[in-house]
Amino acid sequence: MHQRSRSRGARGHRAAVAALVTLLAAVGCTGQECSFDACPDVPAERAGRVTGVDASGTVRWSTTVADLVSAPPSLSNGYVVLPGCHAPHVVDVRSGAVSSPEGMKEVIGVVADQVVGVPEDTALIVAEPVAGGPGGFSWTESPDDPVARNGYRSSAVVTEASVVGVLGRTLVVWTPGPDRWERTDVALPVGSQRGERLLVVDPEHVVVSGDDGSVLGVDLAARRVAWRTLPPRPDDPTYQHVELDGAVVAVVTGYRTTDAPAVTGGEGIDYLGWRVDARTGRTLGRPTQAKPAKGSGDEIAATVRDPSSGWSVTQRLERQPRGGCF
């Protein structure tokens, strides 16, 4: 009886596998016959329209971008960055002029009319004029440290005047000038949390999510750490996410489940939410139970608004296809 039961289970498993193979074959996704293209070309008739509207609500310009949007657009010093699957695109909020930087797989932002981004080679960051032409910038370190390089890229942000990121335990600031880019270093007591971008409080102050669970405020003008606030629990965190909520830094820190009273957020992680003043680092209130931050998922904003000018830009690009062959 036991042996017959095993045979039936084996036959059922083989039938399920056969059905799956048949289904995949029907959509052209088996072995070398797979025809899925994660980033297909976009013909001119299917190019996405991008429109600019001034503060009064009047449409001022409209243009097209022949690409598929792969991530949410962002705003940077009067420009909208559209992450396309073929290339990133930078759109001038007021004129609608579109540029697509060469050799960049990701744009971090725009500063002093220079597009700053992640290159396709081993340089840490590169920059080129929005309008193209000479005047570019490339930063490399010797010897190259891939972990530190990728850490800088994932933490870097653009302020009104500079590019700021964490390289190891050093906050490195690059500021474009008339003749060359100037570098400023600020020593940190810890490194930055992997995958967490810095928070820009204002042009002279940024917040760093420390890799030990602490949060740091850095004064760029004074070139020093202005404050450092330790996490609610002394044990090493497995997760941390920070966001700027007005003048407050909202932090969610995750710890492996222990016997201490805490709320389990799933998969053996306890998540605690806590808040600090972005200027002073003073803890506000008490830690509370929390949930991990949600990813962007399917939410790609159609419209972004530039608060300095009141203008808004709306993109109607098709979404990059998801899926693949198995």
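Since we're looking at a predicted model, the values are computed, not measured.

What about the overall build of the protein?
Okay, so step 1: Looking only at helices and strands, the protein has two helices and 25 strands in total.
Okay, so step 2: Put simply, the protein has 326 residues, and 42% of those count as buried.
Okay, so step 3: By sequence separation, contacts in the protein at least 24 residues apart represent 43% of the contacts at least 6 residues apart.
Okay, so step 4: In the form shown here, the protein has an accessible surface area of approximately 17700 Å², with 50% of it arising from carbon and sulfur atoms.

Quick look at the sheet that holds strand β7 (residues 104-111)
Okay, so step 1: With antiparallel pairing, the four strands of this open sheet are ordered in space as β7-β8-β9-β10. Two strands bound the open sheet, and with one partner strand each, they are β7 and β10 (137-139). For this sheet the average axis-to-axis angle between neighbouring strands, irrespective of direction, equals 20°.

Quick look at helix α2 (residues 146-155)
Okay, so step 1: When α2 is considered as a whole, its buried residues turn out to be Ala148, Arg149, Tyr152, Arg153 and Ser155.
Okay, so step 2: Measuring from the side-chain oxygen of the N-cap residue of α2 to the backbone nitrogen of Val147 gives 3.1 Å; that N-cap residue is Asp145.

Let's talk about the pattern of salt bridges
Okay, so step 1: Applying the stated criterion across every chain yields a total of twelve salt bridges.
Okay, so step 2: Asp235 is the partner of Arg233 in a salt bridge, and the nearest nitrogen-oxygen pair spans 3.0 Å.
Okay, so step 3: Owing to a relative accessible area of 14%, Arg233 belongs among the buried residues under this scheme.
Okay, so step 4: Each of Glu141, Arg183 and Asp185 takes part in salt bridges that share partners, so that together they form one network.

Topic: the packing of aromatic side chains
Okay, so step 1: This structure, assessed with the given rule, holds five aromatic pairs.
Okay, so step 2: On the numbers, 5.0 Å between centres and 55° between planes, the contact of Phe137 with Trp174 is tilted. Residue Phe137 is found in strand β10, and its partner Trp174 is found in strand β13 (residues 170-176); the two are separated by 37 residues along the sequence. Neither residue differs from the other here; Phe137 and Trp174 are each classed as buried.

What about the nonpolar core?
Okay, so step 1: Ile125, Trp139, Tyr152, Val163, Trp174 and Trp181 are the most contacted members of the largest nonpolar core, which has 18 residues in total.
Okay, so step 2: Counting residues per element, the ones that place at least two in this core are β7, β8 (114-119), β9 (125-129), β10, α2, β12 (163-167) and β13.
Okay, so step 3: Leaving out residues up to four positions away in the same chain, Ile125 has contacts with Ile108, Val116, Gly117, Pro119, Phe137, Ser138, Trp139, Tyr152, Val163 and Trp174.
Okay, so step 4: In this structure, Val173, Val186, Leu188 and Val206 belong to the second largest nonpolar core, which totals 14 residues.

Description of unusual backbone geometry
Okay, so step 1: Looking along the chain, the bond that leaves Ser142 and enters Pro143 is cis, with omega of 0°.
Okay, so step 2: As for its placement among the helices and strands, Pro143 is situated in the loop between β10 and α2.
Okay, so step 3: Positive phi values are uncommon outside glycine, yet Asp113 reaches one of about 60°.
Okay, so step 4: Relative to the assigned elements, Asp113 resides in the loop between β7 and β8.

Notes on the pairing of strand β15 (residues 199-202)
Okay, so step 1: Here three bridges tie β15 to strand β16 (residues 205-209), and the two strands are oriented antiparallel to one another. For Asp202, the partnering residue across the bridge sits in β16 and is His205.
Okay, so step 2: Counting the residues in the hairpin turn of β15 and β16 gives two residues.

A closer look at the state of the cysteines
Okay, so step 1: On inspection of all chains with the given rule, the structure shows one disulfide.
Okay, so step 2: Between the sulfur atoms of Cys39 and its disulfide partner Cys85 the distance amounts to 2.2 Å. The S-S bond linking Cys39 to Cys85 shows a torsion near 85°; that makes this disulfide right-handed. Of this pair, Cys39 sits in the loop between α1 (2-26) and β1 (48-53) while Cys85 sits in the loop between β4 (79-83) and β5 (88-92), and the two are 46 residues apart along the sequence.

Section: the pairing of β12
Walk down a regular strand and you will see the side chains alternate between the two sheet faces.
Okay, so step 1: In terms of residue burial, β12 counts as a mostly covered element, since five of its five residues are buried.
Okay, so step 2: Burial of β12 is two-sided: the residues Val163, Gly165 and Leu167 facing one way and the residues Val164 and Val166 facing the other way are all buried.
Okay, so step 3: Here strand β11 (residues 157-158) runs beside β12; their pairing, made up of two bridges, is antiparallel. Paired with Val157 across the strands is Val164, a residue of β12.
Okay, so step 4: Counted between consecutive antiparallel strands, the loop separating β11 from β12 contains four residues.
Okay, so step 5: In terms of strand pairing, β12 meets β13 through five bridges, oriented antiparallel. Paired with Val163 across the two strands is Trp174, which belongs to β13.
Okay, so step 6: Hairpin geometry of β12 and β13 is characterised by an intervening segment of two residues between the two adjacent antiparallel strands and by a positive phi of about 65° at Gly168.

Criteria and cut-off values
Residues numbered from 1 in each chain as written. Predicted model: local features only at pLDDT ≥ 70, side-chain atom pairs only at ≥ 80, totals over all residues. Heavy atoms only, no water. Helix = DSSP H or I, 4+ residues; strand = E, 2+ residues; numbered from the N terminus. Buried < 20%, exposed > 50% of the residue type's maximum accessible area, 1.4 Å probe, protein only. Contact = heavy atoms within 4.5 Å. Areas by Shrake-Rupley, 256 points an atom, 1.4 Å probe, with all protein chains shown as cover. Pairing = 2+ DSSP bridges. Axes fitted to C-alpha atoms, helices over the stretch in contact; angles between N-to-C directions. Polar contact = N/O pair within 3.5 Å; in protein donor to acceptor, adjacent residues only side chain to side chain. Salt bridge = Lys/Arg side-chain N within 4 Å of Asp/Glu carboxyl O. Phe/Tyr/Trp six-rings, centres within 6.5 Å; stacked < 30°, edge-to-face > 60°. Core = buried A, V, L, I, M, F, W, Y, C linked by side-chain atoms within 4.5 Å. Disulfide = S-S within 2.5 Å.

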